[in-house]
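# Fold and geometry: a report
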Amino acid sequence: MSSLEVLEPIFKFIPEVKSPVHKEDFNEKLKWTALVLVLYYFLTLIPLYGLAPGAIDQFAQLRAVMAGSFGSILTLGIGPIVTASIVLQLLVGSNLLDLDLSSHKDKSHFQATQKVLSIVFTLFEASVLVLTGNLVPIDGSYTGLLILQLVIGALVIIYLDEVVSKWGFGSGIGLFIAAGVCQAIVVGSFSILSGTDGFFAGIIPKFIQQIVAGTPDFSVLIPLIATIIVFLVVLYGESMRVEIPISHGSVRGHGRIRGSVGKYPLKFVYSSNMPVILTSALLVNVTLFANIFQTAGVPILGHIEKGKAVDGIAWLLSTPKLSSFITEPIHVLVYAVFFIACCMLFSYLWVEISGLNAKKISEQLYNSGIQIPGFRSSKRQLYKILKKYIPALTIISGIYVGLIAFLADLTGALGGGTGVLLTVGIIHKLYEEMAEEQLMSSNPLLRKFLGD
């Protein structure tokens, strides 16, 4: 019996997006993905009614990662979804929840519980932001209305994510992050609105304006250059593979004969970008709880002033700047160690929970007739070979994405260094999925051969 079966009565009252009853083609998936993307951009333009002017965004540096738009009904972004995922992953990873995620029933319970927790965290985070003064209403009569708008916006995001996951390409979480970061990069690079210094707000128009005025400042270009460098480094990491030689055996009678020989690629960034998303969400929650304790008069996590942590744990875990290497070396060191350690932990948990560990992959390969040339064909032998690579890749990829995200954030890259890191990975994975789906759609015999 699943440890989550006691929640089944609650699951029945939670609406869900039904999966398609037919096999979708490429164009249909593309249509749903594009429709959700347009709707997301539209929702970011709907302001919170009753919000007092001059509100400060405490999570500005992580805003792109949370796929939220401050001051709109999507202020919470994907925060509640990712926070729920963190809690469940830690519970499953520590065996406090006894679930076999290879079982369809347990996986269904896991997903339903994540949705319930997402709704709970939506109510919690919306209430905290308003009641602790992060989002100040015009007057007290608008407090409940502000909370309601935040809850509605977050619930829409939860279900749009489900629509993309079941009807479109990739996941809604990834799509929204990439959309927010791409928007920040385009606006930051080309905006012709007036900035605070009298020049254009966009980097390129501002630099051209400075050249015309005879006062070019090349330091203006640093965020744009940093963005390009991060993009290239991450793209290189995404293209790296560890290739294991394999052969495909076909069954004839009671024996197995060797078929075609090839290579099974394991991505260097094996755990994808999920560890960075989860770590960023954890840091957001540290600041959130610092606010709660400070409002309650017990600032055990540190003090928050003008939207920023100024001391304590919250300050140590706030994103440092490049200049902090000289002025605040302890801050930089603690933040770097914590960020990279969390990425390692979440990399391990994500691989275990999502069925990408050596045991699950070896079972899938064996059932597909895959074997390692020179070794006896057995599930155990496949597992022994994969165990040499997958655990190491899991930890190394967690360290890699954590280190790149940490260094990228220091540079002040457009859209946030972490945001650029995530966006490159998301778009690369989305491209691969779309290319595969297009190949399948144009070759029905290939789809039939692969059993899809």
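Being a predicted model, the structure only gives us computed values, none of them experimental.

## Some points on the side chain of glutamate 238
Here glutamate 238 is to be found in helix α8 (residues 222-239). Setting aside residues no more than four positions away along its own chain, glutamate 238 makes contact with Lys267, Val269, Gly425 and His428.

## Observations regarding a nonpolar patch on the surface
On the surface, Tyr49, Leu145, Leu148 and Ile152 cluster together to form a nonpolar patch covering roughly 380 Å² of accessible area. Look at leucine 148 and you get partly exposed, because its relative accessible area is 47%.

## Considerations on the pattern of salt bridges
Any two side chains of opposite charge can pair, so long as their charged atoms come close to each other. Counted according to the given criterion, the structure contains six salt bridges. Across the salt bridge formed by glutamate 238 and lysine 267, the nearest N and O atoms sit 3.4 Å from each other. Here lysine 267 lies in strand β2 (residues 255-267) and glutamate 238 lies in helix α8, a separation of 29 residues in the sequence. Relative accessible area serves as the criterion here: at 21%, lysine 267 is assigned to the partly exposed category. Each of Glu16, Lys18, Lys115, Glu162 and Lys166 takes part in a single network of salt bridges with overlapping partners.

## Structural notes on the nonpolar core
The biggest cluster of nonpolar side chains holds 89 residues, and the ones touching the most others in it are Ile78, Phe176, Ile177 and Val276. Ranked by the residues each element gives to this core, the list is headed by helix α5 (residues 143-167), at 11 residues. Non-local contacts of isoleucine 177, meaning those with residues more than four positions away in its chain, are made with Ala64, Val65, Ala67, Ile78, Ile277, Leu422, Thr423 and Ile426. Counting nine residues, the second-largest nonpolar core is a separate cluster that includes Leu99, Leu117, Phe121 and Ile353.

## Concerning unusual backbone geometry
Across residues other than glycine, the phi torsion is negative in most instances, and most of the peptide bonds are trans. Within the chain, alanine 67 stands out as a residue other than glycine whose phi angle is a positive 55 degrees. Within the secondary structure, alanine 67 is located in the loop between α2 (26-43) and α3 (79-93). With a phi close to 60 degrees, serine 272 is a non-glycine residue in the positive phi region. Here serine 272 shows up in the loop between β2 and α9 (274-295).

## Focus on the packing of helix α4 (residues 104-131) against α5
A packed helix pair is summarised by two numbers, namely the angle formed by the two axes and the spacing between the axes. As a packed pair, α4 and α5 sit with axes 9 Å apart at the nearest point and diverge in direction by 150 degrees. By the criterion of interaxial angle, the relationship of α4 to α5 is roughly antiparallel. Taken as a pair, α4 and α5 cross one another with a handedness that is right-handed. Contact residues: α4 offers Lys115, Ser118, Ile119, Thr122, Leu123, Ala126, Ser127, Val130 and Leu131, while α5 offers Thr143, Leu146, Ile147, Leu150, Val151, Ala154, Leu155, Ile158, Tyr159 and Glu162. The residue makeup of the contact of α4 with α5, split by class, is 13 nonpolar, four polar and two charged.

## Description of helix α14 (residues 379-387)
Burial in α14 covers these residues: Gln381, Leu382, Ile385 and Leu386. Seen along its axis, α14 keeps its buried residues to an arc of 130 degrees; they face one direction.

## Digging into the packing of aromatic side chains
A full pass over the atoms with the stated rule returns 11 aromatic pairs. An aromatic cluster is present here, built from Tyr40, Tyr41 and Phe176 joined pairwise through their rings.

## Examining the state of the cysteines
Taken as a whole and assessed by the stated rule, the structure comprises zero disulfides. Here cysteine 343 is not disulfide-linked; the sulfur of cysteine 342 is the nearest cysteine sulfur, at 7.2 Å. Here cysteine 343 falls in the buried class, since its relative accessible area comes to 0%.

## Examining the layout of surface pockets
One water molecule sets the probe size; rolling that probe over the atoms shows where empty space is left. Estimates place the volume of the second largest pocket at around 800 Å³. Residue lining of the second largest pocket: 29 residues in total, with Ala60, Ala184, Ala413, Gly415 and Gly416 positioned closest to the centre. Those elements that provide at least two residues to the lining of the second largest pocket are α6 (172-190) and α15 (390-411). The element best represented in the lining of the second largest pocket is α6, accounting for five residues. Considering only residue class, the lining of the second largest pocket consists of 13 nonpolar, 13 polar and three charged.

## Quick notes on α9
For an α-helix the count is 3.6 residues per turn, leaving residues at separations of three or four pointing the same way. In a regular helix each residue adds 1.5 Å, so 22 residues correspond to 32 Å; α9 covers 32 Å between its end C-alpha atoms and thus fits that length. Of all 22 residues that make up α9, 16 are buried, and the element is covered over most of its length. One or two residues past the end of α9 sits glycine 297, with phi positive at roughly 85 degrees.

## Section: the environment of glycine 415
For glycine 415, the position within the fold is in the loop between α15 and α16 (417-442). With relative accessibility at 17%, the residue glycine 415 sits in the buried group. Sequence separation of glycine 415 and valine 187 is 228 residues, and the distance between their C-alpha atoms is 9.5 Å. Excluding anything up to four places from it in sequence, glycine 415 contacts Ala64, Val181, Ala184, Ile185 and Val420.

Cut-offs applied
- Residues numbered from 1 in each chain as written.
- Predicted model: local features only at pLDDT ≥ 70, side-chain atom pairs only at ≥ 80, totals over all residues.
- Heavy atoms only, no water.
- Helix = DSSP H or I, 4+ residues; strand = E, 2+ residues; numbered from the N terminus.
- Contact = heavy atoms within 4.5 Å.
- Patch = residues over 30% accessible without salt bridge, like charges linked within 9 Å, V, L, I, M, F, W, Y side chains within 5 Å.
- Areas by Shrake-Rupley, 256 points an atom, 1.4 Å probe, with all protein chains shown as cover.
- Salt bridge = Lys/Arg side-chain N within 4 Å of Asp/Glu carboxyl O.
- Buried < 20%, exposed > 50% of the residue type's maximum accessible area, 1.4 Å probe, protein only.
- Core = buried A, V, L, I, M, F, W, Y, C linked by side-chain atoms within 4.5 Å.
- Axes fitted to C-alpha atoms, helices over the stretch in contact; angles between N-to-C directions.
- Parallel < 35°, antiparallel > 145°, perpendicular 65-115°, else oblique.
- Left-handed = near helix turned anticlockwise from the far one by under 90°.
- Nonpolar A, V, L, I, M, F, W, Y, C, P; charged D, E, K, R; others polar.
- Arc of directions from axis to C-beta.
- Phe/Tyr/Trp six-rings, centres within 6.5 Å; stacked < 30°, edge-to-face > 60°.
- Disulfide = S-S within 2.5 Å.
- 1 Å grid on protein atoms, 1.4 Å probe; cavity = no way out; pocket = protein on both sides within 12 Å on 5 of 7 lines; lining within 4 Å.
- Points joined across faces, edges and corners; volume = space filled by probe spheres on them.
- Expected span 1.5 Å × (residues − 1).

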